[in-house]
Amino acid sequence: MKFIIDTADIKEVREAAAMGLVDGVTTNPSLVAKTGKKFREVLLEICDVVKGPVSAEVVSTNHDDMMREAREYAALRPNIVVKIPLIPEGLKAVRTCADEGIKTNVTLCFSATQALLAAKAGATYISPFIGRLDDISTDGMQLIEEIVQIYDNYGFATEVLVASVRHPMHVHQAARIGAHVATCPLAVLLQLCKHPLTDLGLQKFLSDWEKVPK
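All values derive from a computational prediction rather than experimental measurement.

Enquirer: Requested: an account of the pairing of strand S3 (residues 54-57), with residues and values cited.
Expert: Along S3, one buried face is formed by Val-54 and Ala-56 and the opposite face, lined by Ser-55 and Glu-57, is buried too. Where strand S2 (residues 24-26) meets S3, two bridges bridge the pair, whose relative direction is parallel. Residue Val-25 lies in a different strand from S3, and its bridge partner there is Val-54. Pairing between S3 and strand S4 (residues 80-85): four bridges, direction parallel. Counted as the bridge partner of Val-54 is Ile-80 from S4. For the segment spanning S3, helix H4 (residues 63-76) and S4, crossover handedness is right-handed.

Enquirer: An account of the layout of surface pockets is requested, with residue identities and associated values reported.
Expert: Estimates place the volume of the largest pocket at around 320 Å³. Lining the largest pocket are 19 residues, and of these Asp-6, Asn-28, Lys-83, Phe-129 and Arg-132 lie nearest its centre. Of all the secondary-structure elements, those providing two or more residues to the lining of the largest pocket are helix H2 (29-35) and strand S5 (104-109). Broken down by element, the lining of the largest pocket gets its largest block of residues, four residues, from H2. By residue class, the composition of the lining of the largest pocket is six nonpolar, eight polar and five charged.

Enquirer: So what about the nonpolar core? Which residues, and what values?
Expert: Ile-126, Ile-147 and Val-160 are the most contacted members of the largest nonpolar core, which has 60 residues in total. Here this core takes six residues from helix H8 (residues 140-154), the largest share from any one element. Sequence-distant contacts of Ile-147, defined by excluding residues within four places in its chain, comprise Cys-109, Ala-112, Ala-115, Ile-126, Pro-128 and Val-160.

Enquirer: An account of helix H6 (residues 112-121) is requested, with residue identities and associated values reported.
Expert: Of the residues making up H6, those classed as buried are Ala-112, Ala-115, Ala-118, Ala-119 and Ala-121. Among the structural elements, helix H5 (88-100), S5, strand S6 (125-128) and H8 are those in contact with the buried residues of H6. Positive backbone phi, at 105 degrees, marks Gly-122, one or two positions downstream of H6.

Enquirer: How would you explain a negative patch on the surface if you had to name every residue and give the values?
Expert: On the surface, Asp-134, Asp-139, Glu-145 and Glu-146 cluster together into a negatively charged patch. When you line up the elements, Glu-145 lands in helix H8. Given the relative accessible area of 46%, Glu-145 is considered partly exposed.

Enquirer: Can you tell me about the packing of aromatic side chains, naming the residues and giving the values?
Expert: Each aromatic ring pair is summarised here by two numbers: the centre-to-centre distance and the angle between the ring planes. For the structure shown, the criterion picks out four aromatic pairs. Taking the centre distance of 5.6 Å and the plane angle of 70 degrees together, the rings of Tyr-151 and Phe-156 count as edge-to-face. Judged by relative accessible area, which is 23%, Phe-156 ranks as partly exposed. On the basis of an interplanar angle of 50 degrees and a centroid distance of 6.3 Å, the ring pair of Tyr-154 and Phe-156 is categorised as tilted. A connected cluster of aromatic rings, assembled from ring pairs, spans Tyr-151, Tyr-154 and Phe-156. A cation sits over an aromatic face here: Lys-214 above Trp-209, 4.7 Å from the ring centre.

Enquirer: Which residues make up the sheet that holds strand S7 (residues 159-162), and what values go with them?
Expert: Taken in spatial order, the eight strands of this closed barrel run S1-S2-S3-S4-S5-S6-S7-S8, and their pairing is parallel. The average undirected angle you get between the axes of adjacent strands in this sheet is 30 degrees. Sheet analysis places S6 next to S7, joined by two bridges and oriented parallel. Following the sheet pairing, Ile-126 is matched in S7 by Val-160. The sheet contacts of H4 involve S3 and S4, and relative to S4 the element is tilted by about 160 degrees. Packing against the sheet, H6 makes contact with S5 and S6, and its axis sits at approximately 165 degrees to S5.

Reading the values: the criteria
Residues numbered from 1 in each chain as written. Predicted model: local features only at pLDDT ≥ 70, side-chain atom pairs only at ≥ 80, totals over all residues. Heavy atoms only, no water. Buried < 20%, exposed > 50% of the residue type's maximum accessible area, 1.4 Å probe, protein only. Helix = DSSP H or I, 4+ residues; strand = E, 2+ residues; numbered from the N terminus. Pairing = 2+ DSSP bridges. Right-handed = clockwise from strand over helix to strand, strands pointing away. 1 Å grid on protein atoms, 1.4 Å probe; cavity = no way out; pocket = protein on both sides within 12 Å on 5 of 7 lines; lining within 4 Å. Points joined across faces, edges and corners; volume = space filled by probe spheres on them. Nonpolar A, V, L, I, M, F, W, Y, C, P; charged D, E, K, R; others polar. Core = buried A, V, L, I, M, F, W, Y, C linked by side-chain atoms within 4.5 Å. Contact = heavy atoms within 4.5 Å. Patch = residues over 30% accessible without salt bridge, like charges linked within 9 Å, V, L, I, M, F, W, Y side chains within 5 Å. Areas by Shrake-Rupley, 256 points an atom, 1.4 Å probe, with all protein chains shown as cover. Salt bridge = Lys/Arg side-chain N within 4 Å of Asp/Glu carboxyl O. Lys, Arg positive; Asp, Glu negative; His and termini not counted. Charge placed at Lys NZ, Arg CZ, Asp CG, Glu CD. Phe/Tyr/Trp six-rings, centres within 6.5 Å; stacked < 30°, edge-to-face > 60°. Lys NZ or Arg CZ within 6 Å of the ring centre and 35° of its normal. Axes fitted to C-alpha atoms, helices over the stretch in contact; angles between N-to-C directions.

Structure, rendered in structure tokens:
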């Protein structure tokens, strides 16, 4: 499974990269707004650190304007993936991007049929938002199971990128199901390496080390 960090904060990107935990980065307008920097500046900073896919989201809602943004982003660096919303005009843009060799991450997916359409359109990644489904008392992980099965049934090359990850169990379950990618905030990635027995064991070892003659 590939880990992608969901952030626009270059400090967080560098910290995760130092642990070897960054296969890529996803950004969105909300995350970029928190930085106080221009979007282009943020993208280039991230691409200087990360060689894997870096998702840059369009903010237009019609095909022609989406394609204008998509071509602009894709021209910045070869590892930039254009993030496109799962709406009819978005699917048209995904198809055009596929024809032009531009990689895409189709975002705001909440159903298996939406994911099927994205794969048919030629999406590189599909981003089901599991945390937001959980928020409305729907089983987000069931959606991941359904999408993985459908993609396996028909041999789609589109990778399942589990998004809106809220806690370590989301990652654990996604890995068991066979999702290709999980995009997580840095806090969740750091929680993955935490265990109380690890902390207790380390404390015991260090305490015993103090008793060893120096």
